Amino acid sequence: MTARIIDGKAIAAELRTRVADEVARVKRDHALTPGLAVVLVGHDPASEVYVRSKHTQTQAAGMASFEHKLPEDVSQADLLALIARLNRDPLVHGILVQLPLPKSLHTETIINAIDPAKDVDGLHPNNAGRLAGGLAALSPCTPLGCIILTKSVYASLEGMNAIVIGRSNLVGRPLVQLLLNENATVTIAHSRSRDLPKLCAQADLVYAAVGRPEMVRGDWLKPGATVIDVGINRIAVPGGKPKLVGDVAFQEALNVAGAITPVPGGVGQMTVACLLVNTLRAACAIHGLPAPAV
Ligand code: GUN
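Along each chain, the written sequence defines residue order, and numbers are assigned to residues from 1. The predicted origin of the model limits local features to residues at a pLDDT of at least 70 and limits the giving and counting of side-chain atom pairs to 80 or more, whereas totals for whole chains, interfaces and linings rest on all residues. Side-chain numbers come from the whole structure's heavy atoms, not from hydrogens or water.

A few points about the pattern of salt bridges
For step 1, the next point in the chain: One side-chain nitrogen of Lys or Arg within 4 Å of one carboxyl oxygen of Asp or Glu is enough to make a salt bridge. Applying the stated criterion across every chain, the model contains six salt bridges.
For step 2, the next point in the chain: Where R25 meets E22, a salt bridge forms, and the shortest distance between an N and an O atom there is 2.9 Å. Of this pair, R25 and E22 both sit in helix α1 (residues 8-30), separated by three residues, roughly a single helical turn.
For step 3, the next point in the chain: Each residue is assigned to one of three classes by its accessible area relative to the maximum for its type, calculated with a 1.4 Å probe on protein chains only: buried under 20%, partly exposed between the two thresholds, exposed over 50%. On the basis of relative accessibility, which here comes to 26%, the residue R25 falls in the partly exposed class. The way it works is that DSSP assigns letters per residue, a run of H or I at least four long becomes a helix, a run of E at least two long becomes a strand, and they are numbered from the N terminus.

Below, the structure written as structure tokens:
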């Protein structure tokens, strides 16, 4: 058997088109241009690539994009002052502080300073707590993308056995909550879990978000399982360009899984598309408009 490859690139492109249509509608009917502010501190090369992509895609969707690039040694007080300004700015509906931040800054304090109504990363404790409580919330973009990709395979996840490997605030924990909202049965696994292969063998849906290259092997999987690979690991190739691999051994998994996301071209594409969705949702909520149809 060869698994179906879930085309994250195509699914993300289709989602961006739907966002752009809704943005055009709120501009026309309500004179509202959703705006996203992205704050980048320092020069982490991967973060610079992500921030550029967010800027381009935000503008392509017809939204306003505000980039704030701050030096590596910016003080915590100056960064908090910028966030306070963005919180008050009526043209800004979404605020994203690119992570990781330099060690001199206290990430929790910075995230807590963002107005929860503009927290399009879904990381503020108000949003994380609401999501965990089953209430309406802005949810983190990568887990939202994982759910959309899974639903391209199964219309309903009700009663399915899912395993989430990884428990980060950005991916693993919120993904667990979103899967519970879909009525899946969820196992939360992590680096200290015993016998991961045995836990995986039960799962209809496998989410790998550990940041360990090709850790999940093909023979761990239940035949026919759907595999969503959140990992983006840069591997050195002797004498060649570094190669991107996921947290799943893709070639092995192809022979066992029913459907699988590639790296690149899977989950990565969905994160920015879902950021656009969250910005549009935040803009509508702030202006008291009905939730958009995306
Ligand atoms: N760094 C890597 N992914 C993300 C993300 O989704 N949000 C933020 N703020 N930083 C990131």
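Some remarks on the site of the ligand
For step 1, the next point in the chain: Close to the ligand lie L96, V97, Q98, L99, D121 and L170, which account for all nearby residues.
For step 2, the next point in the chain: Here V97 contributes a backbone N or O atom positioned 2.8 Å from a nitrogen atom of the ligand.
For step 3, the next point in the chain: Definition of a polar contact: a pair of N or O atoms within 3.5 Å, with one able to donate and the other able to accept a hydrogen when the atoms are protein atoms, and with sequence-neighbouring residues admitted only if both atoms are side-chain atoms. With respect to the ligand, the backbone of L99 contributes an N or O atom lying 2.9 Å from a nitrogen atom.
For step 4, the next point in the chain: Bound to the protein, the ligand loses 83% of the 280 Å² it would expose on its own.
For step 5, the next point in the chain: One can see that the ligand is located within the largest pocket.
For step 6, the next point in the chain: Three categories are distinguished: nonpolar for Ala, Val, Leu, Ile, Met, Phe, Trp, Tyr, Cys and Pro, charged for Asp, Glu, Lys and Arg, and polar for the others, with Gly belonging to the last. For the shell around the ligand, the per-class residue count stands at four nonpolar, one polar and one charged. We call a residue near a molecule or strand as soon as one heavy atom of that residue lies within 4 Å of the molecule or strand. Throughout, the Shrake-Rupley method with a 1.4 Å probe supplies accessible areas, and for residues the shown protein chains are the sole cover considered. A 1.4 Å probe that fits but cannot get out identifies a cavity on a 1 Å grid over protein atoms alone, an open set with protein on both sides within 12 Å along at least five of seven lines counts as a pocket, and a residue lines either if it has an atom within 4 Å of a point. Each molecule is checked against the cavity or pocket grid, and it sits inside if more than half of its atoms lie within 2 Å of the grid points.

A few points about the sheet that holds strand β7 (residues 205-208)
For step 1, the next point in the chain: Two strands are said to pair when DSSP picks up at least two bridges between them. With parallel pairing, the six strands of this open sheet are ordered in space as β1-β11-β8-β7-β5-β6. The sheet is open, and its two edges are formed by β1 (4-5) and β6 (185-189), each paired on a single side.
For step 2, the next point in the chain: Judged from the two bridges that link them, β1 and strand β11 (residues 259-260) form a sheet pairing that is parallel. The residue of β11 that forms the bridge with I5 is I260.
For step 3, the next point in the chain: Contacts are residue-level and defined by heavy atoms, with any inter-residue pair within 4.5 Å sufficient. Angles run from 0 to 180 degrees between N-to-C directions of axes, and those axes are lines fitted to C-alpha atoms, restricted for helices to the stretch in contact. The sheet contacts of helix α7 (residues 172-181) involve β5 (161-165), β6 and β7, and relative to β5 the element is tilted by about 170°.

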